[in-house]
Amino acid sequence: MNFERIKEKLNILADAAKYDVSCSSSGSKRANKDKGLGDSSGMGICHTYTEDGRCVSLLKILLTNHCIFDCAYCVTRKSNDIKRAAFKVQEVVDLTINFYRRNYIEGLFLSSGIFKNADYTMERLVAVAKKLRLEENFNGYIHLKSIPGASDELMREAGLYADRLSVNIEIPSVKGLKLLAPDKNRADFIKPMEKVKNEIIQYKAEKKIIKNTPIYAPAGQSTQMIIGATNETDAEIMYTSASFYKNFNLKRVYYSGYVPISYDSRLPSIGTEVPMMRENRLYQTDWLLRFYGFDIRELLNKDTPNLDMDIDPKLSWALRNLNLFPIDINKADKHMLARIPGLGMKSVNKIINARRFRKLNWEHLKAIGAAVNRAKYFMTCDSRVFETRDLTAAQIKGLILSNSSSKYRKTLNNQLNLFDTVKPLSV
């Protein structure tokens, strides 16, 4: 083995993989067997987090940065003058095992550019996972990026050896994809997602009858969207996410702020700030949909097509619906408690449990961990002290902002304004 060449490949292909953020390791329960290597339940070298919040490390690389496509937003596009490299299947296997034995990593996140065609590339990704499982008895976490357009047979095999599969839909809208990647077809992204969903359902059903039925993609599937490369509104982005969660049972949708890498006139110019705040607000909205019982139409609609960059989406919703407040935390149900700004789901559950024994006041709420400085404008409790002033939404927002700080405050930008003069994308 030429170690210098392997090191060079690793530097090139690890750097090329950094733009993919969808590498969470949560959700898998693959146990160690036959005295093999690793245990995915213990779960980047990228860092990611498990379902219970632990930080783990994954070897995050591309199989190759050669690609037959010329997507304007992608650093590995075929027209980009960059140094190219490709790993052999066995080289990725050896790297993974050697890194694991040195305690550098706890799993593998493997993606790839597309060379020749989708099946040719996907076959090699599957071969890596298959060799790790069957030849090296590796039981650590494996995340494979599914190649759009890959055959059903390869997708089925991939899920038998990987813990999580993901297909990045890349651009949130069909019109945006046509503008920046005209050679790609949205249907090619949807097909493997549909296949994975159906296989997960089928294998779960069979396992109820036949206990030794293998586990298929135990950590489910995810996807990623690039934010800020095209002029979609936040509503368009989140309606797409809501649809994917509903139709494909996705575990996660990741939002990746576009990093300007090209002088292409269709894209934000180099030097434009990455929309970190917008990315953060989209994740907060995603969280409200998945864990707080919100409907996407409540948060984003024709009247509110974009999220407020100054305040989080739950507070923004509350200020638009002051007629529903204040809420009595000693009487309200879980659904309404979860809608009070300043209350997370842990606090909501603590309130429900604690109020069985006594009525709660402000001191109790502080002890529980509620953000009282924010929540006090939207709720009442067992206390005479309450914000009785008839405050408007603008006044409440001003008071909350004056007493809060954000790590993103310095990076606030109006990226959407970049597109004010851009012509609408053709359908």
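Definitions and limits used
- Residues numbered from 1 in each chain as written.
- Predicted model: local features only at pLDDT ≥ 70, side-chain atom pairs only at ≥ 80, totals over all residues.
- Heavy atoms only, no water.
- Helix = DSSP H or I, 4+ residues; strand = E, 2+ residues; numbered from the N terminus.
- Buried < 20%, exposed > 50% of the residue type's maximum accessible area, 1.4 Å probe, protein only.
- Areas by Shrake-Rupley, 256 points an atom, 1.4 Å probe, with all protein chains shown as cover.
- Salt bridge = Lys/Arg side-chain N within 4 Å of Asp/Glu carboxyl O.
- Expected span 1.5 Å × (residues − 1).
- Contact = heavy atoms within 4.5 Å.
- Core = buried A, V, L, I, M, F, W, Y, C linked by side-chain atoms within 4.5 Å.
- Phe/Tyr/Trp six-rings, centres within 6.5 Å; stacked < 30°, edge-to-face > 60°.
- Right-handed = clockwise from strand over helix to strand, strands pointing away.
- Pairing = 2+ DSSP bridges.
- pLDDT = per-residue confidence, 0-100.
- Arc of directions from axis to C-beta.

**Q** Let's hear about the overall build of the protein: which residues, and what values?
**A** Scanning the protein from terminus to terminus reveals 15 helices and 9 strands. For the protein, with 427 residues in total, the buried portion stands at 51%. If you sum the accessible surface of the protein, you get close to 20,800 Å²; carbon and sulfur atoms cover 50% of it.

**Q** Can you tell me about the pattern of salt bridges, naming the residues and giving the values?
**A** Under the defined criterion, the tally for this structure stands at 21 salt bridges. With a closest N to O distance of 3.1 Å, Asp 15 and Lys 18 form a salt bridge. Asp 163 serves as the salt-bridge partner of Arg 133, at 2.7 Å between the closest nitrogen and oxygen. Taken together, the residues span a long stretch of sequence, with Arg 133 in helix H3 (residues 118-134) and Asp 163 in the loop between helix H4 (152-161) and strand S5 (164-166) at a distance of 30 residues. Shared partners join several salt bridges into a network, and the residues in it are Arg 5, Glu 8 and Lys 83.

**Q** Which residues make up helix H1 (residues 3-16), and what values go with them?
**A** Taking 1.5 Å per residue as the helical rise, H1 with its 14 residues ought to reach 20 Å, and the 20 Å between its terminal C-alpha atoms agrees with that figure. Listed in full, the buried residues belonging to H1 are Ile 6, Lys 9, Leu 10, Ile 12, Leu 13 and Ala 16.

**Q** Can you break down the side chain of Thr 96 residue by residue, with the values?
**A** Relative to the elements of secondary structure, Thr 96 occurs in helix H2 (residues 89-101). Ignoring sequence-local partners within four residues, the contact set of Thr 96 consists of Leu 59, Ile 105, Leu 108, Leu 132 and Phe 138.

**Q** Now, about the environment of Ser 173: what can you tell me, with residues and values included?
**A** With respect to the helices and strands, Ser 173 occurs in the loop between S5 and helix H5 (174-180). Given the relative accessible area of 10%, Ser 173 is considered buried. Distance from Ser 173 to Thr 240, taken between C-alpha atoms, is 7.8 Å for residues 67 residues apart in sequence. Ignoring any residue separated from it by four or fewer positions in sequence, one finds Ser 173 in contact with Arg 186 and Glu 232.

**Q** I'd love a proper account of the nonpolar core, names of residues and values included.
**A** Among the nonpolar cores identified, the biggest contains 114 residues, and Tyr 73, Leu 110, Met 122, Ile 340, Leu 365 and Phe 378 are the most heavily contacted of them. With 7 residues, H3 is the single largest residue contributor to this core.

**Q** Tell me about the packing of aromatic side chains, and please be specific about residues and values.
**A** All chains considered together, the criterion is met by 10 aromatic pairs. When the centroid spacing of 5.8 Å and the interplanar angle of 80 degrees are considered together, the rings of Tyr 100 and Phe 138 count as edge-to-face. On the criterion of sequence distance, the pair formed by Tyr 100 in helix H2 and Phe 138 in the loop between H3 and strand S4 (141-145) is long-range, its members being 38 residues apart. Residue Phe 138 is classed as buried on the basis of its relative accessible area of 0%. An aromatic cluster of at least three residues, connected via ring pairs, comprises Phe 294, Trp 317, Phe 325 and Phe 378.

**Q** If you had to explain the pairing of S4 to someone new, which residues and values would you point to?
**A** Of all 5 residues making up S4, 5 are buried, and the element is well covered by its neighbours. In this fold, the crossover linking strand S3 (residues 107-111) to S4 by way of H3 has right-handed handedness. In this structure, S4 lies alongside S5, joined through 3 bridges in parallel fashion. By the bridge assignment for S5, Lys 145 is matched with Ser 166. What joins S4 to S5 is H4, and the crossover it makes is right-handed.

**Q** Describe unusual backbone geometry, listing the residues and the values that go with them.
**A** A cis amide bond links Phe 325 to the next residue, Pro 326, at an omega of 0 degrees. Checked against the element boundaries, Pro 326 lands in the loop between helix H10 (313-320) and strand S8 (327-328). Notably, Lys 116 is not glycine yet its phi reads approximately 70 degrees, a positive angle. Its place among the elements puts Lys 116 in the loop between S3 and H3. Even without being glycine, Asn 137 reaches a positive phi, approximately 55 degrees. Take Asn 137: it is sitting in the loop between H3 and S4.

**Q** I'd like to hear about the confidence of the model for the protein, residue by residue, with values.
**A** For the protein, per-residue confidence averages 88 on the pLDDT scale, and 85% of positions sit at 70 or higher. Ranking the helices and strands of the protein by mean pLDDT puts H10 first, with 98, and strand S1 (residues 46-49) last, with 58. Ignoring residues within four places in sequence, the model shows residues 37-44, a span with pLDDT below 50, making 45 contacts including any to other chains. Per-residue pLDDT stays below 50 along residues 412-427; that stretch engages in 28 contacts with residues further than four places along the chain or on separate chains.

**Q** Mind laying out the pairing of strand S6 (residues 221-227), listing which residues take part and the relevant values?
**A** Extensive coverage of S6 is indicated by the burial of 7 of its 7 residues. Neither face of S6 is left uncovered, since the one carrying Gln 221, Thr 223, Met 225 and Ile 227 and the one carrying Ser 222, Gln 224 and Ile 226 both have all their residues buried. As defined by bridge partners, S5 adjoins S6 across 2 bridges and the pair is classed as parallel. From the neighbouring strand, Leu 165 faces S6, where its bridge partner is Gln 221. Direction of pairing for S6 relative to strand S7 (residues 252-257): parallel, over a ladder of 6 bridges.

**Q** Just give me the short version of H4, but keep the residues and values in it.
**A** Inspection of H4 places Leu 154, Met 155, Ala 158, Gly 159 and Tyr 161 among the buried residues, and these make up the whole buried set. Taken down its axis, H4 places every buried residue within 165 degrees of arc, on the same side. Structurally, H4 contributes buried residues whose contacts are with H3, S4, S5 and helix H6 (186-209).

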